[in-house]
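Below, each chain spelled out in residue letters.
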Amino acid sequence: MRRFKLKYLFIFLAFAAFTACTAGAKNSVNTITTKGHPALDAQEKLTPCATCHKDVTPDIYKEWYDSVHGIANVKCFQCHGTYEDFATVPKESSCATCHNEQFKKKPKNKACWSCHPAHHFYIHK
Amino acid sequence: MGLSRREFLKRTAALTAASYVGINLPFDNKGTSHAADADSWHKGTCRLCGAGCRLELGVKNGKAVALRGIADSRTNKGYLCMKGMLFYKLMGNNHPDRLKKPLYRARKDQPFKEISWDEALDIAAKEFAKAVKKYGNNSVAYYGSGQALTEETYLFQKVMRGGLRTNNVEGNPRLCMASAVGGYLTSFGADEPIGSYTNFERAHCFFIIGSNTAEAHPVLFRRIMRRKLDNKDTVKVINADPRVSPTSRIADLHLQFEPGTDLALLNAMAHVIVFEKLYDESFLRDYAVFRMGKDKKQVSFEKYKEFIKDYTPEKAASICKGNITPEKIRQAAYWFAKSEGTMSIWTMGINQRKRGVWANNLIHNLHILTGQLCKPGADSFSLTGQPNACGGVREGGGLCHILPAHRLVKKDKLRHEVERLWGIPEGRIPPKPGYHTIAMFEAVNQGKIKAIWINCTSPAQSLPNCDKYRKGMRRDDVFLVVTDIFPTKTTELANLVLPTAFHFEKTGVYGCTERRSQLTVKAVDAPGEAKPEVWIVREWALRLAKELNDPVIKKCVEPFIGKEPDYELPKAIWDEYSQKLTKGRDNDLSGATYEVLKQLPDGVQWPAPTKEWALKGGTDIKFVRGLDPLADKHAKDQKPFQFYGPAHPDRKLWVWLRPQKGPEEMPDSEYPFYLSTGRVIDHWHTSSMTGRIPELMRANPYAYVEINPKDAEKLGIKPGDMVEVVSRRGRNVLPAKVYVGPCEGMVFVYWHDQAEDRMINRVTKDAFDPGSKEPEFKICACRIRKVSGPKPLKPFLVELKT
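Owing to the predicted nature of the structure, the values given are computational and were not obtained by experimental measurement.

## Examining the domain arrangement of chain B
Residue and element names in this part refer to chain B.
(1) Moving on: With domains assigned, chain B is organised as domain 1 (5–90), domain 2 (103–174 + 388–585), domain 3 (178–383) and domain 4 (673–788).
(2) Moving on: The straight-line distance from the C-alpha centre of domain 2 to that of domain 3 is 36 Å.
(3) Moving on: Taken together, the residues that form the side of domain 2 that touches domain 3 break down as two nonpolar, two polar and four charged.

This is the structure:
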């Protein structure tokens, strides 16, 4: 669990750094700050997640790409939402969209990804 | 780790837009699934492909808030793709663009004005009646959809045929599965697949040809992927396609052939099977005959051998080019023939061909030769693109040559049977089939059709060579009614736009790829004054009866008068169709009443002649005694398989002698590239629905032209450059995706985009298969050139101006 938190802290810092380094050059209008994601303007939001994340978070991209979610084309927004409701850590209910039975049966005190690591999605850790 | 602002902008230059003119994305987006918030869940079927995934709609305070999969459904086992999990955002008042009032204009250059339903139905009835009186019954037409509910298609065609006395009844399934129908009828004697999705978990070899299953049928692909990943060494996947696609990721062998050479490839695989004695001699002896030519002349196995002798793997490799070698063809043939169960899967790459029926026949040939049928994991399985192309249109009588329950219009006995069942005078349905789709829109161009009703589809964008046919639809002497939920390229050309209820806002049945009928019951209210189509047709028919002073038109809807439209009306229509029309036919659904369908998590597979059989789920595999009640009923001998299909009186499977034939239009010095088109996972057809879901629009906001890196280098094209794609018919300018996808000499364009510059059916060709009349969307000749570097682009969806 601790490793999990550190991982997301790391991602958040990376995003924060990305936002900071681009802020100076940014002069576009309609910039919307989105909680949990660097600010992008409306036009930039028409960019598929993977276009940037291949480079911004290459390890996560590769983990996803090689996972069953990657092979089956389950895309970032299906778990993380889009900019208006973006969640770095998805709501568990988003897993239940496809894995409802497993969701009902899992231990209440454990998140899905404590056994099925995020972006790898092994059957069990 | 980071990406500089400059790099970011460079990367996204071609992807971003200066404004959102023309679209209305709800940026107060209600967000992803509010699953936890729902206070009730309602079972139904997915709306956005032919897989038939079962799902539940979460509703809170009367509003759709989430969708989730149903785990005990045999179609999807709980899984949904992104389209399936998000289309609740289009329901009820969730989307501001929904059509909510009838709209009318007398001339097509006028703005629309809102009118009442009474006025709208009167106008529709008067215009159709006027055309019939002045120009005859064949001056009117209906063009429907594989997304309409079975009850809707059935009622529309009943009123057109029995009421208006015309077989001008067509639908967009002509564009996607007509060649598969032709293939099944001519090879197996009966339409629709023999087996079911259950074979995904039992197959040992998958032969996927002309299908990007991973994007077009993602949840079915997941099952194939799981089967492969769980049995990496023992399950083989062969992917045959001119384009490397996401489906190729799980392939052991990718056969990349030049477009239009597939018949040579398939014949060469048959060559290996025959001459290396991989065929199943006893299966052939018991169940197969060989035939050739238009007169279906029966020939000997020796004659077939003589024919196939010429298709050596060496010769086929020289025809197919791409990465094809004789060794790869032999390998594919061995895996196909020797596996414990081989399942072929295909869609539009095979069907949308000038020789689509032949291509279907040659896949079936491989299965008949090797006996890879009627046993676990073995099937020749055409995937259908739309949720109700099979159930509504193929089975419900939604094409110009077929009546409900697989009856041919031209057969007097079957036509009169339908007239009797409907209680209308004998001879009321004309004996001649109506216009097929391309002929229908050609007739619109020529002014022969004066009034046409287009339901739940957008031919102005989805027809090949669409500019040619938009000219006809623009004519002021052609009265055009469109029923839909959002503005489309076709509503732009209409006189009368009628707002309809969307999925889960009305009740009805979808029949998916595997002969499975599933019920969706209304769970939320439609927005504004939007109405279910069955109500619209009934009310229109009653007015038509008065306008034409014809009591038989009224007779067509008489059993349904007074029924409330949300449940009782579709139920009454389904009862008539399933109990009367399908009873005793090969798609017998008389056991599958609404009550039965509601009891099952995933519906019923026909044949289901009794409630008892239907409650067991129906028939998983056709033609096998003990597993298919009709195989037992129609058995003529003790053999385990009984091929009782209505089209083969000899009760045999037919192996066809079909030669290699290329496309209608080959590349030449002026147009040196093959152009092919297809879907992307995030969008459905013309994107009038998926384009309005922010997650899906953002994931694929524009159509691209995919270009092989070697071709791109020769032409100086870099990723994101704007590229002109020109054919003899039209022109697009699209951003480039330089990608080892299409083979050299071929480009590939996504077809969902509504922007005029990126609407690829302005470029495609309207040649069609002489048997199935399905157009050859998948192949034509084009030229390409870079017109500029990356440019800002606008996503585009039609708005309707009032």
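## A word on the pairing of strand E21 (residues 516–520) of chain B
Residue and element names in this part refer to chain B.
(1) Moving on: Most of E21 is tucked away, with five of its five residues classed as buried.
(2) Moving on: Note: strand E20 (residues 508–511) against E21, four bridges, orientation antiparallel. Bridge pairing in E21 places Gly 508 opposite Thr 520.
(3) Moving on: Sheet analysis places E21 next to strand E22 (residues 604–605), joined by two bridges and oriented antiparallel. Along E22, the bridge assignment pairs Ser 517 with Val 604.

## With respect to the confidence of the model for chain A
(1) Moving on: Of all residues in chain A, 70% have pLDDT values of 70 or greater, and the mean over the chain is 75.
(2) Moving on: Per-residue pLDDT stays below 50 along residues 1–33 of chain A; that stretch engages in 34 contacts with residues further than four places along the chain or on separate chains.

## Observations regarding the environment of Arg 515 of chain B
Residue and element names in this part refer to chain B.
(1) Moving on: Its place among the elements puts Arg 515 in the loop between E20 and E21.
(2) Moving on: Distance from Arg 515 to Tyr 135, taken between C-alpha atoms, is 40 Å for residues 380 residues apart in sequence.
(3) Moving on: With near-sequence residues (within four places) excluded, Arg 515 lies in contact with Glu 192, Pro 193, Gln 605 and Trp 606.

## Let's talk about the nonpolar core
One broad trend across soluble globular proteins is that nonpolar side chains are buried collectively.
All names here are of chain B.
(1) Moving on: Counting 265 residues, the largest nonpolar core has Leu 265, Met 269, Val 747 and Val 749 as the members making the most contacts within it.
(2) Moving on: A per-element tally of this core places helix H8 (residues 262–275) first, with nine residues.
(3) Moving on: Look past the residues within four positions of Val 747 in its chain and what remains in contact with it is Phe 673, Leu 675, Val 705, Glu 706, Ile 707, Val 725, Pro 742, Cys 782 and Ile 784.

## Details of the packing of H8 of chain B against helix H14 (residues 356–370) of chain B
The relative placement of two packed helices comes down to the angle between their axes together with the axis-to-axis distance.
All names here are of chain B.
(1) Moving on: With their axes 9 Å apart at the nearest point, H8 and H14 run at an angle of 15° to one another. One element, H8, and the other, H14, form an angle in the roughly parallel class. H8 and H14 meet at a crossing whose hand is left-handed. Residues Asp 262, Leu 263, Leu 266, Asn 267, Met 269, Ala 270, Ile 273 and Val 274 of H8 form the contact with H14, whose own contacting residues are Trp 358, Ala 359, Leu 362, Ile 363, Asn 365, Leu 366, Leu 369 and Thr 370.
(2) Moving on: A class-by-class count of the residues in the contact of H8 with H14 yields twelve nonpolar, three polar and one charged.

The rules behind the values
Residues numbered from 1 in each chain as written. Chains lettered and ligands numbered in written order. Predicted model: local features only at pLDDT ≥ 70, side-chain atom pairs only at ≥ 80, totals over all residues. Domains from an automatic or database assignment. Nonpolar A, V, L, I, M, F, W, Y, C, P; charged D, E, K, R; others polar. Buried ≥ 20, exposed ≤ 12 C-beta atoms within 10 Å, placed from the backbone. Helix = DSSP H or I, 4+ residues; strand = E, 2+ residues; numbered from the N terminus. Pairing = 2+ DSSP bridges. pLDDT = per-residue confidence, 0-100. Contact = placed C-beta atoms within 7 Å. Core = buried A, V, L, I, M, F, W, Y, C linked by C-beta atoms within 7 Å. Axes fitted to C-alpha atoms, helices over the stretch in contact; angles between N-to-C directions. Parallel < 35°, antiparallel > 145°, perpendicular 65-115°, else oblique. Left-handed = near helix turned anticlockwise from the far one by under 90°.

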